[in-house]
Amino acid sequence: MNLVESMRIALRALNANKVRSALTMLGVIIGVAAVILLVAIGTGVQDEITGSIEGLGSNLIFIFAGNFEEGPGGGGPGGISTRQFSIEDAELLQRRLGSEHAVVPVIQGPLSLRVGNRTMRTTVAAGNENAGEVFGGDYLGGRGYRRSEVSAGARVIVLGATVRDRLFPNQDPVGETISVNGQRFTVIGHVAAQGGSLTGDQDNQVYMPITVAQRLIGTTDVGLIAVKAATPDDVEVLQRRIRQVLSPRFGDEFSVFSQEQTLGIFQQILGTLTFMLAGIAGISLLVGGIGIMNIMLVSVSERTREIGIRKAVGARTYDIMSQFVIEAVTLSVAGGAVGIAIGAAGARVLTQWVPTEVTAWAVALAFTFSAGVGIFFGVYPAYKASRLDPIEALRYE
Amino acid sequence: MSETGGILSAKACDDARVVLEARGVTKTYHLGEVDVHALRGVDLSICDGRMLSLMGPSGSGKSTLMHIIGLLDRPSEGSVSVEGEEVSQMAPNELAAVRNRRIGFVFQSFNLLSRTSALANVELPLVYSGVSGSERSRRARAALERVGLGDRLGHLPNQLSGGQQQRVAIARALVTEPSIVLADEPTGNLDSVSGVDVMTILQELNTHGITVVLVTHDDTTARHAERIVRLRDGLVVSDEAVADRIWAAERRDAVVEEAGGVQA
């Protein structure tokens, strides 16, 4: 008996038990869809973060308080005892590295804004006068804050696109007054929409001098110091210089990453996360496979008489075996195909909220895995069926 | 064939070939601590192109014997040969191939695949002998026409009467052109008219050269054959020719009338 014949028999049997076949497939469908969807999210987020870090330019260096460089667990990421940077540390670096390189102390925190009766909560990203140069952004109107405003702690603010649209719909905000945590600020500029990024939604953000932001948030700490090298070739030398400058003050308790290294760290973390998600989804696929085995075992004992008849008229061991294996594989592969379709469709819908990307390898993996599940969990019931004694099988009621 | 019929039957075949032969066949079932001796040393030879009845009360071992000569079961001792080929030592797959090519089965309970059309049921043995699709369909049609069901090809078993189902089963048994058809109480589940029709077909097959073995406990059914082998307690107790053989085709009118009378 050839393969086509086995498949016809298998399809006929599955067709005869439509509801049961559909429910059995559901296990695989959910498993495969989960694998596709979760891997798509993982990959999508990874791509976006990679893109946003790369978008910053290849000559960026980030300095964090705390020792991250000894790997997970080593030193701990900025534990309580870790000393934080201050604006003075940034100024020291600026002096020692030279003015051709831009040093920006960065702080971020939550704020509430109010204009008239409109209020909203948002995030502030504050730096010094070089912030615009380091992080980019196109001004639609107005300007960025100046050095004098940073040193004076002037209450000036630049609005992200979302904030502007919410608080000043159809209106030029430049020169308007806005209440930030109850204090009056003057809007000096607004920037074009940029889309999501590493630090969250860049458009739902406001920018102001770090000196003002520290007062608003109530801290003298600086979250990170960003350094933009004059050319990408300076990055390595600069990293060494930065270590020399900061070591006397902080010992080991700080970390210096080039953009490339940052990228590597994020990719590693997100890659691990993606595999974890795939693993969790894989477990549901495994459960689906056990469902197939269960149903195939039921099917074999239900069809004992049929097996007896087939053997009586000349079916050999492998004829029966292949019939049942193909049945199981058909269930799992059909379930896999439907699962891939559902997973891909779900990923498309989710793109509205989370970046997703359906990759060929995830599809291939899910498909192969589901076929494998069918074979693995189908073989035992099929073996059982093929070993039935024809007489016992024919007598079976 | 001699009237008295020796139990050792090489001589019983005269000039005809022995198509199926059992020698010293025993079958013992171990049920817990009790051994049940279903067959206790049976010799049987079946001549090519003849019609034979295996008769006996229930528990006589006739069904066990049929399963063994049909290669569905193995003897505990003794040997079985089909068309001169020793089969006792064959592997399950080899036995399956011999069943497929040389033996057709007709069971009391029909044993058709439900949810499968009459045509597909008849095609089944050909599927396992590797006959191509179109050839299979052609031969299955021919077999169904031969049993008078040429207009019921697409019907499912549950859309057919018992007699029609049994005729489908007969078509399935003969579609591979086997040398021997084994029929186990083929009329057991049928009304008398359908039973006569089935016996008519079996006798007709036999006149066309197919060896037919009937397994039955019923004396009337058994007398449709030309020879009756009686079993009791796992042994052959007699082997004799049928003096007043019944021809099903000749009885049909009488049976129909009788059945009609009962129904009316």
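Trainee: Residue-level account of the overall build of chain A, with values.
Mentor: What chain A contains, in helices and strands, is 13 helices and 12 strands. Taken against the 2.2 N^0.38 rule, which gives 21 Å for 397 residues, the C-alpha radius of gyration of chain A at 31 Å runs more than 25% over that of a compact globule. For the C-alpha atoms alone, the extent of chain A along its principal axes is close to 100 × 50 × 35 Å. Split into buried and exposed, the 397 residues of chain A put 49% on the buried side. Partitioning the contacts of chain A with sequence separation of at least 6, the portion at a separation of at least 24 is 78%. Total accessible area on chain A is roughly 18600 Å²; 58% of this is exposed by carbon and sulfur atoms. With 32 positive and 34 negative side-chain charges, chain A shows a separation of 7 Å between the mean positions of the two kinds.

Trainee: Which residues make up the pairing of strand S2 (residues 102–115) of chain A, and what are the values?
Mentor: Residue and element names in this part refer to chain A. Within S2, 10 of the 14 residues are buried, which leaves the element mostly enclosed by the surrounding structure. Sheet topology note: the S2/strand S11 (residues 224–228) ladder contains 5 bridges and is antiparallel. What sits directly across from Val 103, in S11, is Val 227. Across 9 bridges, S2 lies against strand S3 (residues 118–127) in antiparallel orientation. In the sheet register, Arg 114 faces S3, and the bridge partner there is Thr 119.

Trainee: Now, about helix H8 (residues 235–250) of chain A: what can you tell me, with residues and values included?
Mentor: All names here are of chain A. Between the first and last C-alpha of H8 there are 21 Å, a value that for 16 residues agrees with the 22 Å anticipated at 1.5 Å per step. Maximal helix bending in H8 amounts to about 25°, located at Gln 244; proline Pro 248 follows within four positions. Considered for burial, the residues of H8 that qualify are Val 235, Leu 238, Gln 239, Ile 242, Val 245, Leu 246 and Phe 250. Considering only its buried residues, H8 is in contact with strand S1 (60–65), helix H3 (87–97), S11, strand S12 (254–258) and helix H9 (259–302).

Trainee: Mind laying out unusual backbone geometry, listing which residues take part and the relevant values?
Mentor: Note: most residues except glycine have negative phi, and most peptide bonds are trans. Residues and elements named next belong to chain B. A positive phi angle is found at Asn 111, which is not glycine, with a value near 55°. Within the fold, Asn 111 resides in the loop between strand S6 (103–106) and helix H3 (118–128). Phi is positive for Asp 233, which is not a glycine, with a value near 50°. Turning to its location among the elements, Asp 233 is positioned in the loop between strand S9 (227–232) and strand S10 (235–241).

Trainee: Provide a residue-level description of the pattern of salt bridges, including the pertinent values.
Mentor: Residue and element names in this part refer to chain B. According to the stated counting rule, one finds 24 salt bridges over all chains in the structure shown. A salt bridge links Asp 48 to Arg 17, with the shortest nitrogen-to-oxygen separation between them at 3.2 Å. In this pair, Asp 48 is assigned in the loop between strand S2 (34–47) and strand S3 (51–55) and Arg 17 in the segment before strand S1 (18–31), connecting sequence segments 31 residues apart. You can call Arg 17 partly exposed: its relative accessible area is 43%. The salt bridge involving Arg 23 is made with Glu 86; its shortest N-O contact spans 3.3 Å. With a gap of 63 residues between them, Arg 23 in strand S1 and Glu 86 in strand S5 (residues 85–86) connect regions that are remote in the sequence.

Trainee: Requested: an account of the sheet that holds S10(B), with residues and values cited.
Mentor: Residue and element names in this part refer to chain B. Pairing is mixed across the open sheet formed by 6 strands, whose spatial order is S6-S7-S8-S3-S9-S10. Only two strands of the sheet have a single neighbouring strand rather than two, namely S6 and S10. The average angle at which neighbouring strand axes cross in this sheet is 20°, direction not considered. Note: S3 against S9, 4 bridges, orientation parallel. When the sheet's bridge partners are listed, Met 55 is paired in S9 with Arg 230. The sheet contacts of helix H5 (residues 162–174) involve S6 and strand S7 (180–184), and relative to S6 the element is tilted by about 170°.

Trainee: Mind laying out the confidence of the model for chain A, listing which residues take part and the relevant values?
Mentor: Residue and element names in this part refer to chain A. Per-residue pLDDT for chain A has a mean of 85; in total, 94% of the residues score no lower than 70. Mean pLDDT values over the elements of chain A span from 54, in strand S8 (residues 196–197), up to 93, in strand S5 (residues 156–159). Counting contacts from residues 72–80, a segment whose pLDDT is below 50, to residues more than four positions away or on other chains yields 8 contacts.

Trainee: I'd love a proper account of the interface of chain A and chain B, names of residues and values included.
Mentor: Contacts between the two partners involve 25 residues from chain A and, on the opposite side, 23 residues from chain B. Both faces considered, chain A and chain B share a buried interface measuring about 2100 Å² in area, 57% of it formed by carbon and sulfur atoms. It is A:Ile309, A:Val313 and A:Ile391 in chain A that bury the most area against chain B; as a group they hold 26% of the surface buried on that side. Applying the counting criterion to the chain A and chain B interface returns 0 salt bridges. Put simply, chain A and chain B have 8 residue pairs in polar contact (both at pLDDT 80 or more) between them. Of all elements in the fold, only helix H1 (3–16), helix H10 (304–312), helix H11 (317–350) and helix H13 (390–395) of chain A reach the threshold of two or more residues within the side of chain A that touches chain B. Per-class residue counts for the side of chain A that touches chain B are 11 nonpolar, 3 polar and 11 charged.

Rules and cut-offs
- Once a new chain begins, its residue numbering starts again from 1 and follows that chain's sequence as written.
- As they are written, the chains are lettered A onward and the ligands numbered 1 onward, keeping that order.
- Thresholds applied to this predicted model are a pLDDT of at least 70 for local features of residues and 80 or more for the giving and counting of side-chain atom pairs; totals over whole chains, interfaces and linings are not thresholded and use all residues.
- Heavy atoms from the whole structure form the basis of all side-chain values; hydrogens and water molecules are not counted.
- Counting from the N terminus, the helices are the DSSP runs of H or I reaching at least four residues and the strands are the DSSP runs of E reaching at least two.
- Throughout, radius of gyration means the C-alpha value; the globule benchmark is 2.2 Å times the number of residues raised to the power 0.38.
- Between buried and exposed lies partly exposed: a residue is buried under 20% and exposed over 50% of the maximum accessible area for its type, with that area taken using a 1.4 Å probe on protein chains only.
- Contacts are residue-level and defined by heavy atoms, with any inter-residue pair within 4.5 Å sufficient.
- In these tables, accessible area is a Shrake-Rupley quantity obtained with a 1.4 Å probe, and a residue counts as shielded only by the protein chains included in the view.
- Counting rule for charge: Lys and Arg are taken as positive, Asp and Glu as negative, and neither His nor the chain ends is counted.
- Think of each charge as sitting on NZ of Lys, CZ of Arg, CG of Asp or CD of Glu.
- Any two strands are treated as partners once DSSP identifies two or more bridges connecting them.
- One fewer than the residue count of a helix, multiplied by 1.5 Å, yields its expected span.
- Note that the bend at a residue is defined as the angle between axes fitted to the seven residues ending at it and the seven residues starting at it.
- Each salt bridge in this description consists of a side-chain nitrogen of Lys or Arg and a carboxyl oxygen of Asp or Glu lying within 4 Å of one another.
- What counts as an axis is a line fitted to C-alpha atoms, over the stretch in contact for a helix, and the angles between N-to-C directions run from 0 to 180 degrees.
- The predictor attaches a confidence to each residue, and that confidence, scored 0 to 100, is pLDDT.
- Buried area, as used here, totals the accessible surface that two parts lose on assembly, with accessibility defined by a 1.4 Å probe and the loss added over both.
- Contacts described as polar in this section are N or O atom pairs within 3.5 Å, which, within protein, must combine one atom able to donate a hydrogen with one able to accept it, while residues neighboring in sequence count only if both atoms come from side chains.
- Gly falls in the polar group here, along with every residue not listed as nonpolar (Ala, Val, Leu, Ile, Met, Phe, Trp, Tyr, Cys, Pro) or charged (Asp, Glu, Lys, Arg).

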